[in-house]
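# Close look at the chain arrangement
As a plain string of letters, each chain reads:
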Amino acid sequence: MTAIDLNADLGEGFGRWRLTEDEQLLSVVTSANVACGFHAGDAATMRRVCELAVARGVTIGAQVSYRDLAGFGRRAMEVPPAELTAEVAYQIGALEVFARAAGARVAYVKPHGALYNRVVHDEEQAGAVIDGVLLADPALPVLGLPGSRLLALAEKAGLPAVPEAFADRAYTDEGTLLPRGRGGAVVSDPEAVVRRSVGLVRSGTVTAHSGARVRVHARSLCLHGDTPGAVELARQVRARLVAAGVRLEAFA
């Protein structure tokens, strides 16, 4: 039976503002990418999401990013490698405190936003992220785009490299994500997202923005939690995958 992990970006609020429906999504996903305070999230939010995740048996992952609260971590930034390494380790360490207090551990690391896209091709920035992971915990799996420099360097460093796919993002012919600034970068039709989810898991392929079929090998499927109707869409994706005979389980 085919197995897949369902992950979502959670804890993406700050203070009185909440962007994601954390409680509802934690009843759907198997892994939670928890914002660690640099693009979103704060101490109270991290603690709350970790407690909710443990109560629901959901694996906790650290979603690390550039220090960019105002831009939600989606703005291109130039951060020296040594500084980025320290900031990645800092974010993992902050979340680890709350994960342990809730009775769990940080089980993996996933970059967010501009950092996620940067480390697909940028060797230096990818290396800095991996060094940060190693500094925090030399056994943590790294979640990222198939074929990225990030996953290649993770494997080289002896870290488990876990490829993921996106059902609601458009792909280029090279298997990378179409930039959010381009038209059609986000797939908004719920039925299309559900069909793409099943296709990605069952066939390992997706239709690119150009119409070409692109092979995408993934162990985890990301469901974005900051889009309108995210909870109901996530429920539909989960239900359709189960109906298709797919086993849902965390990779870490």
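Everything below is about the structure printed above this text.
Note that the structure is predicted; figures quoted are calculated from it, not measured.

Conventions we followed
Residue numbers restart at each chain and count upward from 1, following the sequence in its written direction. At least 70 in pLDDT is required for a residue's local features to be given in this predicted model, at least 80 for side-chain atom pairs to be given and counted, and no such filter applies to totals for whole chains, interfaces and linings, which use all residues. Values reported for side chains reflect all heavy atoms of the structure, with hydrogen atoms and water molecules removed beforehand. To pair, rings of Phe, Tyr and Trp, with the six-membered ring standing in for Trp, must have centres within 6.5 Å; the planes then decide the type, stacked if under 30 degrees apart, edge-to-face if over 60, and tilted in the middle. Numbering of helices and strands runs from the N terminus; a helix is a DSSP stretch of H or I covering at least four residues, while a strand is a stretch of E covering at least two. The buried label applies to any residue whose accessible area, calculated with a 1.4 Å probe on protein chains only, is under 20% of its type's maximum; exposed applies above 50%, and partly exposed to all values in between. Here, a charge over a ring is recorded when the distance from Lys NZ or Arg CZ to the ring centre is within 6 Å and its angle to the ring normal is within 35 degrees. We place a 1 Å grid over just the protein atoms. Points where a 1.4 Å probe fits but has no way out form a cavity, open points with protein on both sides within 12 Å along at least 5 of 7 lines form a pocket, and any residue with an atom within 4 Å of a point lines it. Grid points are joined across faces, edges and corners, and a volume is the space filled by probe spheres set on the points. Amino acid classes used here: Ala, Val, Leu, Ile, Met, Phe, Trp, Tyr, Cys and Pro are nonpolar; Asp, Glu, Lys and Arg are charged; the rest, including Gly, are polar. By nonpolar core is meant a set of buried Ala, Val, Leu, Ile, Met, Phe, Trp, Tyr and Cys residues that side-chain atoms within 4.5 Å join together. Contacts between residues were defined by any pair of non-hydrogen atoms, one from each residue, lying within 4.5 Å.

### As for the packing of aromatic side chains
According to the stated counting rule, one finds 3 aromatic pairs in the structure shown. Centroid distance Tyr-116 to Phe-166: 5.7 Å. Interplanar angle 85 degrees. Geometry classified as edge-to-face. Of this pair, Tyr-116 sits in helix H4 (residues 113-121) while Phe-166 is found in strand S8 (residues 161-166), placing the two residues 50 residues apart along the sequence. Since its relative accessible area comes to 5%, Tyr-116 is described here as buried. Above the plane of the ring of Trp-17 lies Arg-16, whose end atom (NZ or CZ) is 5.6 Å from the centre.

### A few points about the layout of surface pockets
For the largest pocket, the calculated volume is near 410 Å³. Lining the largest pocket are 22 residues; nearest its centre among them are Gly-113, Ala-114, Asn-117, Arg-169 and Arg-180. Those elements giving two or more residues to the lining of the largest pocket turn out to be strand S6 (106-111) and H4. The residue makeup of the lining of the largest pocket, split by class, is 10 nonpolar, 7 polar and 5 charged.

### A word on the nonpolar core
Residues Ile-92, Leu-95, Val-133, Leu-221 and Leu-241 are the most contacted members of the largest nonpolar core, which totals 75 residues. If near-sequence neighbours (up to four positions away) are discounted, Leu-95 is found in contact with Val-34, Cys-36, Met-46, Cys-50, Ile-60, Gly-61, Ala-62 and Val-106. Grouped together as the second largest cluster of nonpolar side chains are 5 residues, Ala-107, Tyr-108, Leu-143 and Phe-251 included.

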